[in-house]
Amino acid sequence: MNPYETVPPSGFWRTAVADKNFLDISELWVPKFRVTPKSMVSTYGSCFAQHIGNALAARGFRWCRPEKRPFGLSDENAKKFNYDVFSSRTGNIYTATLLLQWLRWAFGEAKVPEELWEKDGRWIDPFRPNVEPGGFASKEELLESRAVTLAAFRRSVEMADIFVFTLGLTEQWLNADGGYEYPMCPGTIAGTFDPKVHQFHNLNYVEVQGALNSAIKIMHRANPRVKIILTVSPVPLTATNSGKHVLVATMQSKSILRAVAGHLADRRGRVDYFPSYEIINSPAFKGAFFEPNQRNVAMPGVRFVMDTFFRCQAETFGINEGSGGASVSPNEKQNDLVCEEEILSKFGGQK
Amino acid sequence: MKVCVVGNSHCGALIEAWRQICGSWADLSLTFFATPGTKIRNVALRDGKLVGLTDDVREILKVTSGGLQECDPEQYDSFLFYGLIKSPKAEHTDVKYSAAVREAALTDRCVESNAARLIGQLRTVTDKPVSVAAAPFRVPAGTDTASAWTCSHEEETAFFQRVAFDKLSASVIAQPKETVIGQTRATFAEFSTGSKRLQVETERAPKAHPSGEVSHMNCRYGEIWLEHYLPTIRK
């Protein structure tokens, strides 16, 4: 008798993967905790994180959104102005360090820098450059709007039973003088790039782990009951500033993020890891879930990921349905996603 | 002058009020084509007439119009689309939103409304005068207080006019000022007391709404509204 004799079929590649049609690969996740239709779930992260909130809402689960769209705003304009994209209007939070920065601001551990960007009389928030596509009418309007978002972000942590964070990138842009991070490189969506001030850094394993640990600490201090589900976006980088080939840079980033997420989930009882990254990226799935550009995840892939999420919940905890039935909103399309990073593709042109 | 009123359950207050005051407006006749709830989605222009697309809607239109199953624009001199732009709840506010977001929300309310849809269809067959009015503001529920907005209701009405209804050659009618609480989007509670449902069956008189009704207004409100509106069509 050796230990492998008691390993279940899901532990062997042949029975779990090779002998199956890839759409029949199952038991990919044994969740640590149950997400019930009553659970309040907050979602943040990279572009791919948007699917999770939408899927929860489509299934009748409680997607925590303390920052409400105004009465009458259509779905189309809500997306345009970043309502109902994440739990509050933070825009994409691509890195673990950006999540930590938002938490420190929201819980009073750090002050939001005074830097604002002005273009043609309109004001742009360097930390949410895409939430107001035409810019704000004035500094005051920008600051008031950001205060609303910070309060909502704080509430989304305090109210959450489950906090889902999708890690997207390790590459970050910093203000060397102020020591703070931008979600996008200045000069891309907005702002002006200054090589003396704006500094590139590619986070390593230890830095991502440290930032996530600090972020979790703030969240647990604010809300001791909150449980965290980490995921890693399967979407490759649009562009890299690392000097490496974008495919190699992508693998490095995703490997670090995946390793940290797995490590934290293994070590911490209140942290789990959901393998959306593997579902899309594993060779077992033959790249079938990607759009022809081999970057964007096609809607069948999103559905498969979210179906897996709910199916694994049901397999572990029993029937778990909300009032809805769809795995994703029937109207949701890939191009509905709000992805600031994709703006970088325009700088590649036809090269 | 013959006026055709197309609307939803909010027409109940106008119908009741019109019965009370029609004697004072002998030169006018009002014909109502109203449907409760969201059934107005099943009203559309077909062969130049506004018709119900389902049997139940056709039956209801017959009751509210006094026997007509369809609205033939040829038969009327003026049109009013009433209650077909949604109004916010009393606790809603626009204060914490940017100007761009506020404008987008107001525009969406108009452009995506059943009023804009039906007026757009009507405009393909007639250029007769058209007026449009949103659903009345709700009254604050219970002990709730109504929230203030960044601009007055009149300014908002002017915005509706500019962004959505100028191009349809339709005039937006604001809710009468004396019924609106300050710079809120709420109606004084006295105007919902004793409100009645839209009559949808010939034999049954309209039932009163349960106490605590916040959406629908009463006969008194209907009178004020009509006294506010009717002089505009005489002009």
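Definitions and limits used
Residues numbered from 1 in each chain as written. Chains lettered and ligands numbered in written order. Predicted model: local features only at pLDDT ≥ 70, side-chain atom pairs only at ≥ 80, totals over all residues. Heavy atoms only, no water. Helix = DSSP H or I, 4+ residues; strand = E, 2+ residues; numbered from the N terminus. Rg over C-alpha atoms; globule rule 2.2 N^0.38 Å. Buried < 20%, exposed > 50% of the residue type's maximum accessible area, 1.4 Å probe, protein only. Contact = heavy atoms within 4.5 Å. Areas by Shrake-Rupley, 256 points an atom, 1.4 Å probe, with all protein chains shown as cover. Lys, Arg positive; Asp, Glu negative; His and termini not counted. Charge placed at Lys NZ, Arg CZ, Asp CG, Glu CD. Patch = residues over 30% accessible without salt bridge, like charges linked within 9 Å, V, L, I, M, F, W, Y side chains within 5 Å. Salt bridge = Lys/Arg side-chain N within 4 Å of Asp/Glu carboxyl O. Phe/Tyr/Trp six-rings, centres within 6.5 Å; stacked < 30°, edge-to-face > 60°. Pairing = 2+ DSSP bridges. Axes fitted to C-alpha atoms, helices over the stretch in contact; angles between N-to-C directions. Core = buried A, V, L, I, M, F, W, Y, C linked by side-chain atoms within 4.5 Å. pLDDT = per-residue confidence, 0-100.

J.: Would you mind showing me how to read the overall build of chain B here?
T.: Looking only at helices and strands, chain B has six helices and eight strands in total. The N-to-C order of helical and strand elements in chain B reads β-α-β-β-β-α-β-β-α-α-β-α-β-α. Against the compact-globule benchmark of 18 Å for 235 residues, chain B has a radius of gyration of 17 Å, which places it among compact chains. In chain B, which comprises 235 residues, the proportion classed as buried is 53%. Taking the intrachain contacts of chain B between residues at least 6 apart in sequence as the baseline, contacts between residues at least 24 apart amount to 77%. For chain B, the accessible surface area stands at approximately 10,600 Å², while carbon and sulfur atoms represent 49% of it. Across chain B, 28 positive and 28 negative side-chain charges occur, with their mean positions spaced 2 Å apart.

J.: I keep staring at a nonpolar patch on the surface and nothing clicks. Help me out?
T.: All names here are of chain A. A cluster of nonpolar residues, Leu247, Val248 and Met251, forms a patch on the protein surface that exposes about 300 Å² of accessible area. Looking at the element boundaries, Met251 is found in helix α7 (residues 246-267). Accessibility expressed as a relative area gives 46% for Met251, which makes it partly exposed.

J.: Explain the packing of aromatic side chains to me, please; I cannot follow it from the model alone.
T.: Any two aromatic rings considered together are summarised by their centre-to-centre distance and by the angle between their planes. A complete count under the given rule lists 28 aromatic pairs over all chains for this structure. An aromatic cluster is present here, built from Tyr44, Phe86, Trp102, Trp105, Trp117, Phe127, Phe153, Phe163, Tyr180 and Tyr182 of chain A joined pairwise through their rings.

J.: What exactly am I supposed to notice about the sheet that holds strand β4 (residues 49-52) of chain B here?
T.: Adjacent strands of a sheet pair through backbone hydrogen bonds, lying either parallel or antiparallel. Residue and element names in this part refer to chain B. Here we have three strands laid out as an open sheet, ordered β3-β4-β5, and antiparallel in their pairing. Each edge of the open sheet carries a strand with a single partner, namely β3 (43-46) and β5 (70-71). In terms of strand pairing, β3 meets β4 through four bridges, oriented antiparallel. Note on β4: the bridge partner recorded for Leu45 is Leu50. Against the sheet, helix α2 (residues 55-64) contacts β3 and β4, and its axis sits at roughly 115 degrees relative to β4. Together, β3 and β4 form the strand contacts of helix α4 (residues 114-122), whose direction differs from that of β3 by roughly 15 degrees.

J.: Explanation requested: the nonpolar core in the structure shown.
T.: Residue and element names in this part refer to chain A. Among the nonpolar cores identified, the biggest contains 50 residues, and Leu99, Phe153, Phe163, Phe165, Leu212 and Met219 are the most heavily contacted of them. Of all the secondary structure elements, the ones that give two or more residues to this core are α4 (96-106), α5 (139-159), β5 (162-167), β7 (180-182), α6 (205-222), β9 (227-232), α7 and β10 (271-273). Ranked by residues supplied to this core, first place goes to α4 with eight residues. Filtering out sequence-adjacent residues up to four positions away, Met219 remains in contact with Leu99, Leu103, Val157, Phe163, Val226 and Ile228. Phe33, Leu56, Phe285 and Phe289 belong to the second-largest nonpolar core, a separate cluster that totals 33 residues.

J.: How should the confidence of the model for chain B be read in this particular structure?
T.: Note that predicted coordinates carrying low pLDDT should not be read in detail. Predicted confidence across chain B gives a mean pLDDT of 95, with 100% of residues reaching 70 or more. Prediction confidence for the complex, expressed as pTM and ipTM, is 0.90 and 0.90 respectively.

J.: Any chance you could explain the pattern of salt bridges here in plain terms?
T.: Should their charged atoms come close, side chains of opposite charge can pair. On inspection of all chains with the given rule, the structure shows 21 salt bridges over all chains. Across the pair Arg102 of chain B and Asp94 of chain B runs a salt bridge whose closest N-O atoms are separated by 3.8 Å. We classify Arg102 of chain B as partly exposed; its relative accessible area is 22%. With a relative accessible area of 7%, Asp94 of chain B lands in the buried category. Within the structure, one salt-bridge network assembled from shared partners comprises Arg65, Arg69, Asp75 and Asp84 of chain A.

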